[in-house]
Amino acid sequence: MQHRIIVLGAGYTGASAAGRLAKRLRREDVAITLVNAEPDFVERVRMHQLAAGQDLKPRPFSEMFAGTGVELRLAKVTGVDVDRKTVTVVDANGAGLIAPESGAEELAYDTLVYALGSGWNAQGVPGTAEHAYEIAGRPGALRLRERLARLDAGQTVVVVGGGLTGLEAATEIAEARPDLDVALAARGGLGDWLSPKGREHLRKVFGKLGITVHEHAAVTRVEADRVATADGRAIPAAVTVWTTGFAVHPIAKATALEVTGTGQIVVDGTMRSVSHPDVYAVGDAAMVMGPGDKPLRMSCASGTPAAWQAADAIAARLTGGKLPNVPIRYFNQCVSLGRKEGLIQYVTADDRAVQAVLTGRLAAVYKELVCKGAAWGVANPTLGLPTRRRRVTRERAAAGSAVKAPA
């Protein structure tokens, strides 16, 4: 009987993990099912481009996984039972197979890779859900794109959030629509985590694009035509774009898995759940510790190596191979500032800015290559290197499903 591996979510981490497992294990020994609600890969790091009116290259999974043995199941995950080792899904068209009256189906697994990721985080601010737009995923980016297209010249777009997503959204919109009045509201100073050279370049680009910056402006309410800040300011906004961070998918928190207060699954160095050894978590859904025993931030930069680590660990445990032990660290933060400008902030292993930066058009090219490389890496999860598919040892497969993780 084949060992059943189910991967939930086909973002950068889930798709990479599924593809890498297919490269590591013999097709006769495993059945790899990738569950995702959409039929093509979404380049999440480009959602600000999509929102600003640019068209992205389609990347259908039917082509990406052709001939790999990975089975794509177009469905939405509605629940996970880690004690019964089942996943409940509803088909993308809303119909189930086992229980058509409820529209739900149960899929059984031997090993589960949880990669459902995250969505936007309204932070509990009143009016955000009703009036703000988000770009944490394709539906939100397309909704914002349609709204921006209907704006008249001179109307104000306020981007709330001074992190990487906020910087990229504000500059992309300002460059694509110079007729609009674009503003950024940041809780702290503009780019205050960057090096002095990085902050200087950021202010230069914002000035060139005519973006108004509201620093130390914690937004406490969003209304249809303005945002209110903690210090009493009212900032006019025909459109408010909310980019103040991400919240993980809530399904894991509803299971028996050990999770953090924010709902991230607690894992060991191989991305294996500390409470349920047949479950692995990668990407934003996992609480992964990095250098200095600091949690890795939600990012493609840390999520993809975590996916490789999980896939290699699963393969090793099933085949009797050597467990991977590759520390996950940071090298730089890549920020696109429109299509013509960029900022590459070099950082320490634990993500603290150093003095070195790369700026200007060269930085924009660098960031574009990183984005293209990330998408290429999903389709080529072993980076084009030759691999050998190993045979699953039945005893190990059975043991891996039955043994509990150490307390």
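Preceding this paragraph is the structure being described.
A. Spatial organisation of a nonpolar patch on the surface. On the surface, Trp376, Leu383 and Leu385 cluster together into a nonpolar patch covering about 320 Å² of accessible area. Note on placement: tryptophan 376 falls in helix 9 (residues 360–379). Among the residues examined, tryptophan 376 registers a relative accessible area of 44% and is labelled partly exposed.

B. Focus on the layout of surface pockets. In this model, the second largest pocket occupies a volume close to 210 Å³. Take the lining of the second largest pocket: its biggest share by element is four residues, from helix 8 (residues 300–319). Each residue belonging to the lining of the second largest pocket can be placed in one class, and the counts come to three nonpolar, two polar and five charged.

C. Focus on the sheet that holds strand 12 (residues 219–222). Across the sheet, three strands lie side by side as 12-13-14; this open sheet has antiparallel pairing. Each edge of the open sheet is held by one strand with a lone partner, namely strand 12 and strand 14 (234–236). Sheet twist, expressed as the mean angle between neighbouring strand axes with direction ignored, is 25 degrees. Here strand 13 (residues 226–229) pairs with strand 14 via three bridges, running antiparallel. In the strand pairing of strand 14, arginine 226 is matched with proline 236.

D. The arrangement of the packing of helix 6 (residues 164–176) against helix 7 (residues 196–209) in detail. At their nearest, the axes of helix 6 and helix 7 sit 10 Å apart, and the two run at 30 degrees to each other. Classified by the angle their axes make, helix 6 and helix 7 are roughly parallel. Between helix 6 and helix 7 lies a crossing whose hand is left-handed. Residues Leu167, Ala170, Thr171, Ala174 and Glu175 of helix 6 pack against Leu202, Phe206 and Leu209 of helix 7.

Reading the values: the criteria
Residues numbered from 1 in each chain as written. Predicted model: local features only at pLDDT ≥ 70, side-chain atom pairs only at ≥ 80, totals over all residues. Heavy atoms only, no water. Patch = residues over 30% accessible without salt bridge, like charges linked within 9 Å, V, L, I, M, F, W, Y side chains within 5 Å. Areas by Shrake-Rupley, 256 points an atom, 1.4 Å probe, with all protein chains shown as cover. Salt bridge = Lys/Arg side-chain N within 4 Å of Asp/Glu carboxyl O. Helix = DSSP H or I, 4+ residues; strand = E, 2+ residues; numbered from the N terminus. Buried < 20%, exposed > 50% of the residue type's maximum accessible area, 1.4 Å probe, protein only. 1 Å grid on protein atoms, 1.4 Å probe; cavity = no way out; pocket = protein on both sides within 12 Å on 5 of 7 lines; lining within 4 Å. Points joined across faces, edges and corners; volume = space filled by probe spheres on them. Nonpolar A, V, L, I, M, F, W, Y, C, P; charged D, E, K, R; others polar. Pairing = 2+ DSSP bridges. Axes fitted to C-alpha atoms, helices over the stretch in contact; angles between N-to-C directions. Parallel < 35°, antiparallel > 145°, perpendicular 65-115°, else oblique. Left-handed = near helix turned anticlockwise from the far one by under 90°. Contact = heavy atoms within 4.5 Å.

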